[in-house]
Amino acid sequence: MFTSNINAIYAAFSLLTFPTTSSLVAILLTERERERRLRKKKMTDNIRRAWPYIISSLLLIVFLAKLIHNHNNKKKYCARRGNSKLPPGRRGWPIVGDSISWYNAVASSHPPAFVEQQVERYHSYVFIYTLSSEIFVQYGEFVSVDPAFNRFVMQNEGKLFQSSYPKSFRDLVGKNGVITAQGDQQRKLHSIASNMMRVDKLKFHFLQDIQIVMKQIINNLHHNQVVLLQDVCRKAAIKLMVNQLLGISSESEVNGMAQLFSDFADGCLSVPIKLPGFAYHKAMKARDSIISTINTKIEIHRQKSSLAIGNGVLGRLLDEESLPDDAVADFIINLLFAGNETTAKTMLFAVYFLTRCPRAMKQLLDEQQSLRSERGIIDGEMFNWQDYKAMPFTQCVIDETLRLGGIAIWLMREAKEEVVYQDYLIPKGSFVVPFLSAVHLNENLYEDPLSFNPWRWMIPENQEKRNWRSSPYFAPFGGGGRFCPGAELARLQIALFLHYFLTTFRWRQVKEDHMSFFPSARLVNGFQIQLTKLSNDHTNIN
Ligand code: HEM
């Protein structure tokens, strides 16, 4: 009874007080909600204000972790691998690594100064960072000046090592091309490229065409004209490429394509900013135009006949191989990139070295002139393959130019897995750099290495060393699975350029000059010369 009364009183009280209690609860809840919302807003504002600090702190943490990780590598790997240790050398400064001394050496005429100043002569262990589209790319961890190790790296392409390029570069030259391809695809494309530029193809397809283009180039230069030979060689190499890759020979069409190719080549060495006005953007546009020209040529070829697109690599590629159209375009663009600057700069450096060495110049000229007279080649007539093969001193000049002014100063590789070489261990993912020019200029391998001495290649003891296909001491065209498929073609072009230029002109150097290898191989003042045309000009086309 008592309990039921209590319950009744409680019920009555509850009924009476409910509106008051519920409004109190409501007020309290609204207040709490307001506070919660305020707190939330304050927090959001704080986060908004703090996010740049949070991101930079995170980046700093990641960077420091990477730094500590790198600096601990040595201990870690030594402990794990018993006797194996990292190759000797220094690591440079935090963040910038050895970039500054690398820049100083490469911008000078003597890139090997980089390793000579820093570390022991053989395996070097250095960090190099450079600014590119991927922000900081660490692109040289193990810089090697050891010929045997360099050869080991080149021979193991695709197995222990693979070449590595930034994304911006891959986007420009195309992902289906031989340079950026890896594994089976690279092997397939490499063998197609080697096949396209085999010696018998050079004899029958390239030899005459190169001479026609060369004569056009020489005919466009005048008596007393002041030229930058660097530009002349660049245009010459581009015209040769357009002619040989696309089979274009009409001068106006060659000039139009040459401009596109020139824009494209400039972009390959530029900071990758995809905004109008920047070289990279222009190069991307040029790439699109080149691809559409190639596609038009492919269409013409399909509709008409092989002859419709002339004698170039493209026509032969369509006739002999079965590649998809986008792979054909990338294939051609890759050859263009690989063959253009390299050949142009070797032509330029050969003339530069010869200008500084009158004895070599005279001997080369004697060889070229007597070849014409002995073989009874009259003016306007072109060289045949036997004539080309009868230029031993010219070949020595080309080899010496490649040794002293090698365009590919080093190669870039990445370790696909942990590599043990002799007592050394190279961690997976490291960047390995065979430093070719440091080997070519090594005083233990070459007597007086900094002097231009083409006669060194005539000495019988040097013949094995001279074999640029297999020698560990002389590898201007690389080696192994990525050996330059255009090496023979390049040598032919350079020899014929020297022939036509030297037998048509004398010159006077107008401005002092020197080599630099940054951002790519060049003469800093472009090699300004004034030409004197000889009277016995034989460049008229028959
Ligand atoms: C003097 C002129 C030249 C020099 C010094 C030169 C040097 C080289 C070197 C060192 C490599 C190896 C790169 C590496 O291992 O990462 C290479 C690769 C290559 N070169 Fe040349 N080159 C020259 C001319 C040419 C020409 C005229 C062409 C073709 C038209 C050409 C086409 C190629 C191609 C396609 C590759 C890439 C091969 C691959 O990755 O499988 N090169 N060149």
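Residues numbered from 1 in each chain as written. Predicted model: local features only at pLDDT ≥ 70, side-chain atom pairs only at ≥ 80, totals over all residues.

- Named according to an unreviewed UniProt entry, the protein chain is Abietadienol/abietadienal oxidase originating from Buddleja alternifolia.
- The protein chain has a UniProt comment under Cofactor (unreviewed entry) that states "heme".
- UniProt, in its Subcellular location (unreviewed entry) section for the protein chain, records the words "Membrane". (UniProt positions renumbered as here; feature names shortened; annotations may be inferred.)

1. Quick notes on the overall build of the protein chain
1) Next: Secondary structure assignment for the protein chain yields 18 helices and 14 strands.
2) Next: Across the 542 residues that make up the protein chain, the buried fraction comes to 38%.
3) Next: Pairs at least 24 residues apart make up 71% of the contacts formed inside the protein chain by residues separated by at least 6 positions. (Helix = DSSP H or I, 4+ residues; strand = E, 2+ residues; numbered from the N terminus. Buried ≥ 20, exposed ≤ 12 C-beta atoms within 10 Å, placed from the backbone. Contact = placed C-beta atoms within 7 Å.)

2. Considerations on the packing of helix α9 (residues 251–268) against helix α12 (residues 325–355)
1) Next: The interhelical angle for the contact between α9 and α12, taken along N-to-C directions, is 85 degrees, at an axis separation of 10 Å. Here α9 lies roughly perpendicular to α12, going by the angle between them. On α12, the residues that touch Phe-261, Ala-265 and Cys-268 of α9 are Leu-336, Phe-337, Asn-340 and Glu-341.
2) Next: Looking at the contact of α9 with α12 residue by residue, the class counts come to 5 nonpolar, 1 polar and 1 charged. (Axes fitted to C-alpha atoms, helices over the stretch in contact; angles between N-to-C directions. Parallel < 35°, antiparallel > 145°, perpendicular 65-115°, else oblique. Nonpolar A, V, L, I, M, F, W, Y, C, P; charged D, E, K, R; others polar.)

3. Describing the sheet that holds strand β11 (residues 505–509)
1) Next: Taken together, 3 strands build an open sheet; the order of strands is β6-β14-β11 and the sheet is antiparallel. Two strands in the sheet have a free side with no partner beyond their single neighbour: β6 (226–228) and β11. Within the sheet, the average angular offset between the axes of one strand and its neighbour, ignoring direction, is 40 degrees.
2) Next: Note: β6 against strand β14 (residues 528–533), 3 bridges, orientation antiparallel. Note that in β14 the partner of Val-227 across the bridge is Ile-529. (Pairing = 2+ DSSP bridges.)

4. Description of the site of the ligand
1) Next: In the vicinity of the ligand, 25 residues are found, and the nearest of them are Ala-338, Gly-339, Gly-478, Cys-484 and Gly-486.
2) Next: At the level of secondary structure, the elements contributing two or more residues to the shell around the ligand comprise α6 (183–196), α12 and α18 (487–504).
3) Next: Ranked by residue count, the leading element in the shell around the ligand is α12, at 7 residues.
4) Next: Of the residues belonging to the shell around the ligand, the class tally is 14 nonpolar, 10 polar and 1 charged. (Near = placed C-beta within 6 Å.)

5. A word on unusual backbone geometry
1) Next: Cis rather than trans, the peptide bond between Phe-518 and Pro-519 has omega equal to -5 degrees.
2) Next: Along the chain, Pro-519 falls in the loop between β12 (515–516) and β13 (522–523).

6. So, the packing of helix α7 (residues 199–219) against α18
1) Next: Two elements in contact, α7 and α18, have axes whose closest approach is 10 Å; the angle formed by their N-to-C orientations is 35 degrees. For the element pair α7 and α18, the recorded crossing hand is right-handed. Between α7, through Val-199, Leu-202, Phe-206, Leu-207, Ile-210, Gln-211, Met-214, Lys-215 and Ile-218, and α18, the contact on the second element is made entirely by Glu-488, Leu-489, Leu-492, Gln-493, Leu-496, Phe-497, Tyr-500, Phe-501 and Thr-504.
2) Next: Looking at the contact of α7 with α18 residue by residue, the classes come out as 13 nonpolar, 3 polar and 2 charged. (Left-handed = near helix turned anticlockwise from the far one by under 90°.)

7. A look at the confidence of the model for the protein chain
1) Next: Per-residue pLDDT for the protein chain has a mean of 84; in total, 83% of the residues score no lower than 70.
2) Next: Low pLDDT, under 50, characterises residues 1–19; the stretch is placed with 0 contacts to residues that sit more than four places away or in other chains.
3) Next: Between residues 131–136, whose pLDDT stays under 50, and residues either more than four places distant or in other chains, the model counts 12 contacts.
4) Next: Taken together, the chains of this predicted complex give a pTM of 0.84 and an interface ipTM of 0.99. (pLDDT = per-residue confidence, 0-100.)

8. Regarding the UniProt feature "binding site: heme" (unreviewed entry) in the protein chain
1) Next: UniProt records the feature "binding site: heme" (unreviewed entry) at Cys-484, using the numbering of this structure.
2) Next: Note on placement: Cys-484 falls in the loop between α17 (463–466) and α18.
3) Next: Sequence-distant contacts of Cys-484, defined by excluding residues within four places in its chain, comprise Phe-477 and Gly-478.

9. As for the nonpolar core
1) Next: By size, the foremost hydrophobic cluster in this structure holds 88 residues, and its most contacted members are Val-242, Phe-261, Ile-332, Leu-348 and Ala-350.
2) Next: For Leu-348, the residues in contact, after removing those within four places along its chain, are Leu-229, Gln-230, Cys-233, Leu-523 and Phe-527. (Core = buried A, V, L, I, M, F, W, Y, C linked by C-beta atoms within 7 Å.)

10. Brief notes about α18
1) Next: For α18, spanning 18 residues, the distance from its first C-alpha to its last is 26 Å, which sits close to the expected 26 Å at 1.5 Å a residue.
2) Next: Within α18, 15 of the 18 residues are buried, which leaves the element mostly enclosed by the surrounding structure. (Expected span 1.5 Å × (residues − 1).)

11. Structural notes on the pairing of β14
1) Next: When β11 meets β14, the two strands line up antiparallel, connected through 5 bridges. Within the sheet, the bridge partner assigned to Arg-508 lies in β14 and is Gln-530.

12. Describing the environment of Arg-356
1) Next: Looking at the element boundaries, Arg-356 is found in the loop between α12 and α13 (358–374).
2) Next: Overall, the presence of 13 C-beta atoms within 10 Å leaves Arg-356 in the partly exposed class.
3) Next: Between the alpha carbons of Arg-356 and Ser-163 there is a distance of 36 Å; along the sequence they are 193 residues apart.

13. A look at α6
1) Next: For α6, spanning 14 residues, the distance from its first C-alpha to its last is 20 Å, which sits close to the expected 20 Å at 1.5 Å a residue.
2) Next: For α6, the set of buried residues is Gln-186, Leu-189, Ile-192, Ala-193 and Met-196. The buried residues of α6 occupy an angular sector of 130 degrees when the element is viewed end-on, so they sit on one face. Opposite the buried face of α6, at more than 90 degrees from it, the exposed residues are Gly-183 and Asp-184.
3) Next: Elements in contact with the buried residues of α6: α7, α11 (313–320) and α12. (Arc of directions from axis to C-beta.)

14. Digging into the pairing of strand β10 (residues 431–434)
1) Next: Residues Phe-431 and Val-433 of β10 are buried on one face, and the alternating residues Val-432 and Pro-434, pointing to the opposite face, are buried as well.
2) Next: Judged from the 3 bridges that link them, strand β4 (residues 142–144) and β10 form a sheet pairing that is parallel. In the sheet register, Phe-142 faces β10, and the bridge partner there is Val-432.
3) Next: The sheet contact formed by strand β7 (residues 413–415) and β10 spans 2 bridges and is antiparallel. Counterpart to Glu-414 in the pairing with β10 is Phe-431.

15. Concerning the environment of Glu-464
1) Next: Tracing the backbone through its elements, the reader meets Glu-464 in helix α17.
2) Next: Accessibility expressed as a C-beta count within 10 Å gives 11 for Glu-464, which makes it exposed.
3) Next: For the pair Glu-464 and Asp-513, spaced 49 residues apart in the sequence, the C-alpha separation amounts to 34 Å.

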